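Here is what each chain is made of, one letter per residue.
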Amino acid sequence: MNDNATNDNVRYPRTTFIRRHTLVTRLTHWLNVLCLSFLLLSGLQIFNAHPELYWGHYGADGDPAVLTIGSEGQGGGTRGFVRVGGARFATTGVLGVSDVEGEPTPRAFPVWATIPSFQDLAAGRRWHFFFAWLFLINGLLYLGFSALNGHFRRDLAPTIRELSPRHLWHEVLDHVRLRFPEGEEAKRYNALQKLTYLAVIVVLLPLMVLTGLAMSPGVDAALPALVDLFGGRQSARTIHFITASLLVLFVIVHIAMVVLSGTWNNIRSMITGRYAIQEKGPKS
């Protein structure tokens, strides 16, 4: 056997680039990042004005709350807490108390997590409403373009095989083991990605928009049935908060997957549209 193998006899993995995201998808994605960031920070500012959530048509001081982020004590002895139903948790240093000019100040979310940083409900609402409408217009543009160019059918609709319990369980195990698709499989979204994106696009985002509209007095007067659909304005506010929290969780997991599966490759594909695929050559 000849041990003097040359480079011609060695097959190296080959890198090819595919066009993964269209220009409209990339632009609407980054605009969504901007909108959701400002919506979250301004939303926390609005929440700070009355840091309690209720269920039903009414909610005021003294009414039983399903969630409270508050504080007790005075001066240096101020302590923060979160109460969910009958359970209470100490959250000093995280929630309930914020350091304002060196003084512990009762505040649900800290100064660095809100826009503006100081307590100003009117300013928070202006920021929130502006980016809410921008987000809605951007979302409608994305939905219209995706429907016209077949993006939903081609890239996001899972097949019957992908929805089988055995296939889904296999993908869950691969994600837990941090095993990501390679070669031909990396050219398309896996079933977990498809189901997650569809849940966000079809369920969470519309729910956030509708509950936001249900909290508007003007919309309430024009479409009272929308308020009744969610069981009252306070119920809509609670659902809005829960939906926003789930979106934050989605973003955290999404960023983690981007980093673990190849930070630069994923970011480049969402900036330029080019996604690198490692294709193994035939064995020698």
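Residues numbered from 1 in each chain as written. Predicted model: local features only at pLDDT ≥ 70, side-chain atom pairs only at ≥ 80, totals over all residues. Heavy atoms only, no water.

Considering unusual backbone geometry
Pro-116 follows Ile-115 through a cis peptide bond whose omega is -10 degrees. Within the secondary structure, Pro-116 sits in the loop between strand 7 (103–106) and helix 2 (121–149). If you check the backbone angles, Leu-178 has positive phi at about 60 degrees while not being a glycine. Given a relative accessible area of 45%, Leu-178 falls into the partly exposed group. (Helix = DSSP H or I, 4+ residues; strand = E, 2+ residues; numbered from the N terminus. Buried < 20%, exposed > 50% of the residue type's maximum accessible area, 1.4 Å probe, protein only.)

Looking at the nonpolar core
Formed by Leu-44, Phe-47, Leu-53, Leu-67, Ile-69, Val-82, Leu-95, Ala-108, Phe-109 and Ala-113, the largest nonpolar core amounts to 10 residues. With nine residues, the next largest nonpolar core counts Cys-35, Phe-135, Val-200 and Leu-205 among its residues. (Core = buried A, V, L, I, M, F, W, Y, C linked by side-chain atoms within 4.5 Å.)

Looking at helix 9 (residues 263–271)
Those residues of helix 9 that fall on the buried side of the exposure criterion are Asn-265, Asn-266, Arg-268, Ser-269 and Met-270. Just downstream of helix 9, Gly-273 is the residue with a positive phi angle, here 90 degrees.

Comments concerning the pairing of strand 3 (residues 67–72)
As paired elements, strand 2 (residues 52–53) and strand 3 share two bridges and run antiparallel to each other. Looking across to strand 3, one finds that Glu-52 is bridged to Thr-68. When strand 3 meets strand 4 (residues 79–84), the two strands line up antiparallel, connected through six bridges. Looking at strand 4, one finds that Thr-68 is bridged to Arg-83. (Pairing = 2+ DSSP bridges.)

As for the pattern of salt bridges
For side chains of opposite charge, pairing can occur when their charged atoms come near one another. Evaluation of the coordinates by the stated rule reveals four salt bridges. Glu-72 is the salt-bridge partner of Arg-88, the closest N and O atoms lying 2.7 Å from each other. Of this pair, Arg-88 sits in strand 5 (residues 87–90) while Glu-72 sits in strand 3, and the two are 16 residues apart along the sequence. Across the pair Lys-194 and Glu-162 runs a salt bridge whose closest N-O atoms are separated by 3.1 Å. One end of the pair, Lys-194, is in helix 5 (residues 191–214); the other, Glu-162, is in the loop between helix 3 (151–156) and helix 4 (165–176), and 32 residues separate them in sequence. The exposure classification of Lys-194 matches that of Glu-162, with both residues buried. (Salt bridge = Lys/Arg side-chain N within 4 Å of Asp/Glu carboxyl O.)

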